[in-house]
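Survey of secondary and tertiary structure
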Amino acid sequence: MSDNQIGIIGLAVMGANLARNFASRNIKTAVYNRTFQRTEELINNHGNEFLNGYEKIEDFVNSLAKPRKIILMVKAGAAIDQVIEELKPFLSEGDYVIDGGNSFYEDTEKRVKKCKEYGLNFIGMGISGGEEGALKGPSLMPGITKEDWPKFENILDQIAAKDFQGQACVTPLGYGGVGHYVKMVHNGIEYAIMQMIAEIYDYHRKVKGLDAGQIAEIFEKINQSENQSFLSEITVQVLRRKDIESGKFLVDLILDRASQKGTGGWTSIEAIKNGIPTTTIMEATMSRSLSFLKNERNNFSKIIGRTFNDDEASVDWNQIYRFGSSIAFIQGFELLKEASKEHNWDLDFVEVCRIWQGGCIIRTKMLIELQEMFKKGQKWVELIQNNLEEVKKFILSSTQNEIALPAFSAAYNYFLSMTDKDHPANLIQGLRDYFGAHTFERIDKEGIFHENWLNE
Ligand SMILES: NC(=O)c1ccc[n+]([C@@H]2O[C@H](COP(=O)([O-])OP(=O)(O)OC[C@H]3O[C@@H](n4cnc5c(N)ncnc54)[C@H](OP(=O)(O)O)[C@@H]3O)[C@@H](O)[C@H]2O)c1
């Protein structure tokens, strides 16, 4: 019987949970994994009339209703191409292959073209929410066109998280690599906000001498405000967790080297390529690289010692968090705007704000205000101009105490730069013209000029 409505290939954490999510909504789901043992485990534990496992890829494909819809949840990269090739002999014209992993959008665009040659539809879909989100409701960012949307709307609406109005956190974003691009920028914003959270924590443990449990209270207050977010909520949980063996706060026992899988770097490279200053995301990405220089940091810290003095600075952490997170979002949106223009995606930013309101890692109440900002055509500086004084106090106190604030400093400098009509770039142009005859424009005359600087 070919009556499974959706097929999932790849049953590691994300795929297995997504399959269970579909099945729990009474959507008949077929599952397949390269290593059959994973399929067996899933079916043994959760199999029912809505969740069916297959050992052979051919049987899996044949069990699906046409046009077939197959979501790939395999390791990003070469595995996607391998699975497409394995599937190809059994698929029919018009079938859909959807990549739900963290693929690079340019790879997705290539795959869309290649699959088109095979008569297949390839869709790149960003999925955020991790294990829990996949099971209970993720935020879905599909590169699906409005024409194809009716074929997916019903099933994707059912499995997605809900926004603050109770609508499904999924929308047809468009064609090609757009879904994976939006997911990439989502992850870039996630890097920036996590770094800012870490900087608030670092300041409090060093300058204020608070323990992890006490620092958790600061984030608890943020969670009771209009700036509540998933990341600040889980910060409270992580800070409060005690190690069973030692009874100490677990966070104090975790080695300070933060890994990355690449999406922060991709976002930064895209920003550089497009000339969009996503400085908070870049600093957050570089901070993870810096964290890996543990030996060097150990050695240099023996030469340059630190003492921290509480300078009595008292700041409103809610305002600090709001300022930093807002700038991270704004920089991400600026990159999305540029990419949308370049690729003719015609991205709807009100919708992007909406589908990030539930299920995903960067979900926050602040997205309601950002959504309103796009609806009303408000200027982003208006959202955070009243927070500047508090941020200044934080930056000053950290500077006096010699504490690095890469992401917050980047946010602060971005705000100052973006609200300053006179930049010193005129001097840079003068220097460039001096050594390289790169020419310059003038403010008092039209045209392109070159000065013979060596003539007195
Ligand atoms: N983990 C998260 O929180 C999260 C969140 C959002 C998005 N994602 C993305 O979602 C995707 C899946 O993530 P994951 O953590 O569940 O799994 P993963 O560790 O990225 O990948 C493991 C899965 O890929 C399969 N696989 C690897 N190479 C293959 C190949 N050449 N042919 C066929 N299958 C192959 C594995 O099959 P075997 O069992 O046979 O080895 C297994 O099912 C990734 O792109 C990931 O970046 C993950």
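Described below are features of the structure shown in this document. (Residues numbered from 1 in each chain as written. Predicted model: local features only at pLDDT ≥ 70, side-chain atom pairs only at ≥ 80, totals over all residues. Heavy atoms only, no water.)

1. Describing the overall build of the chain
Across its full length, the chain carries 20 helices and seven strands. Taken over C-alpha atoms, the radius of gyration comes to 25 Å for the chain, in line with the 23 Å a tight globule of 456 residues would show. Taken along the three principal axes of its C-alpha coordinates, the chain extends 85 × 65 × 45 Å. Residue pairs at least 24 apart in sequence account for 69% of intrachain contacts in the chain once pairs closer than 6 positions are excluded. Total accessible area on the chain stands at roughly 22800 Å², and carbon and sulfur atoms take up 50% of it. Each charge class in the chain was averaged separately, 52 positive and 63 negative side chains, and the resulting centres sit 3 Å apart. (Helix = DSSP H or I, 4+ residues; strand = E, 2+ residues; numbered from the N terminus. Rg over C-alpha atoms; globule rule 2.2 N^0.38 Å. Contact = heavy atoms within 4.5 Å. Areas by Shrake-Rupley, 256 points an atom, 1.4 Å probe, with all protein chains shown as cover. Lys, Arg positive; Asp, Glu negative; His and termini not counted. Charge placed at Lys NZ, Arg CZ, Asp CG, Glu CD.)

2. Observations concerning the packing of helix H8 (residues 178–206) against helix H14 (residues 317–343)
Between H8 and H14, the least distance of the axes is 10 Å, while the angle of their chain directions is 160°. Viewed along their axes, H8 and H14 adopt a mutual orientation that is roughly antiparallel. Handedness of the H8/H14 crossing: right-handed. Listed contacts from H14 to Tyr181, Val182, Val185, Ile189, Ala192, Ile193, Met196, Ile197, Ile200, Tyr203 and His204 of H8 are Trp317, Ile320, Tyr321, Gly324, Ser325, Ala328, Phe329, Gly332, Leu335, Leu336 and Ala339. Here the residues of the contact of H8 with H14 sort into 18 nonpolar, four polar and no charged. (Axes fitted to C-alpha atoms, helices over the stretch in contact; angles between N-to-C directions. Parallel < 35°, antiparallel > 145°, perpendicular 65-115°, else oblique. Left-handed = near helix turned anticlockwise from the far one by under 90°. Nonpolar A, V, L, I, M, F, W, Y, C, P; charged D, E, K, R; others polar.)

3. Some thoughts on the packing of aromatic side chains
Under the definition given, this model contains 23 aromatic pairs. Aromatic side chains Phe333 and Phe374 sit 4.9 Å apart centroid to centroid with 75° between the ring planes, which places their arrangement in the edge-to-face category. Here the residue Phe333 occupies a position in helix H14, and Phe374 occupies one in helix H16 (residues 366–376), the gap between them amounting to 41 residues. Centroid distance Phe440 to Phe449: 6.4 Å. Interplanar angle 25°. Geometry classified as stacked. (Phe/Tyr/Trp six-rings, centres within 6.5 Å; stacked < 30°, edge-to-face > 60°.)

4. Some remarks on a nonpolar patch on the surface
A surface patch of nonpolar side chains, about 720 Å² in accessible area, is lined by Leu427, Leu431, Tyr434, Phe435, Trp453 and Leu454. Its location among the elements puts Phe435 in helix H20 (residues 425–436). (Patch = residues over 30% accessible without salt bridge, like charges linked within 9 Å, V, L, I, M, F, W, Y side chains within 5 Å. Salt bridge = Lys/Arg side-chain N within 4 Å of Asp/Glu carboxyl O.)

5. A word on the site of the ligand
Of all residues adjacent to the ligand, which total 21 residues, the nearest are Met14, Asn33, Thr35, Arg38 and Gln82. Within the backbone of Val13, a nitrogen or oxygen atom sits 3.4 Å from an oxygen atom of the ligand. The side chain of Arg34 places a nitrogen or oxygen atom 2.9 Å from an oxygen atom of the ligand. In terms of residues, the shell around the ligand owes the most to one element, helix H4 (residues 78–87), which gives three residues. By residue class, the composition of the shell around the ligand is 10 nonpolar, seven polar and four charged. (Near = heavy atom within 4 Å. Polar contact = N/O pair within 3.5 Å; in protein donor to acceptor, adjacent residues only side chain to side chain.)

6. Observations regarding the side chain of Asn227
Here Asn227 shows up in the loop between helix H9 (212–223) and helix H10 (230–240). A relative accessible area of 1% means that Asn227 is categorised as buried. (Buried < 20%, exposed > 50% of the residue type's maximum accessible area, 1.4 Å probe, protein only.)

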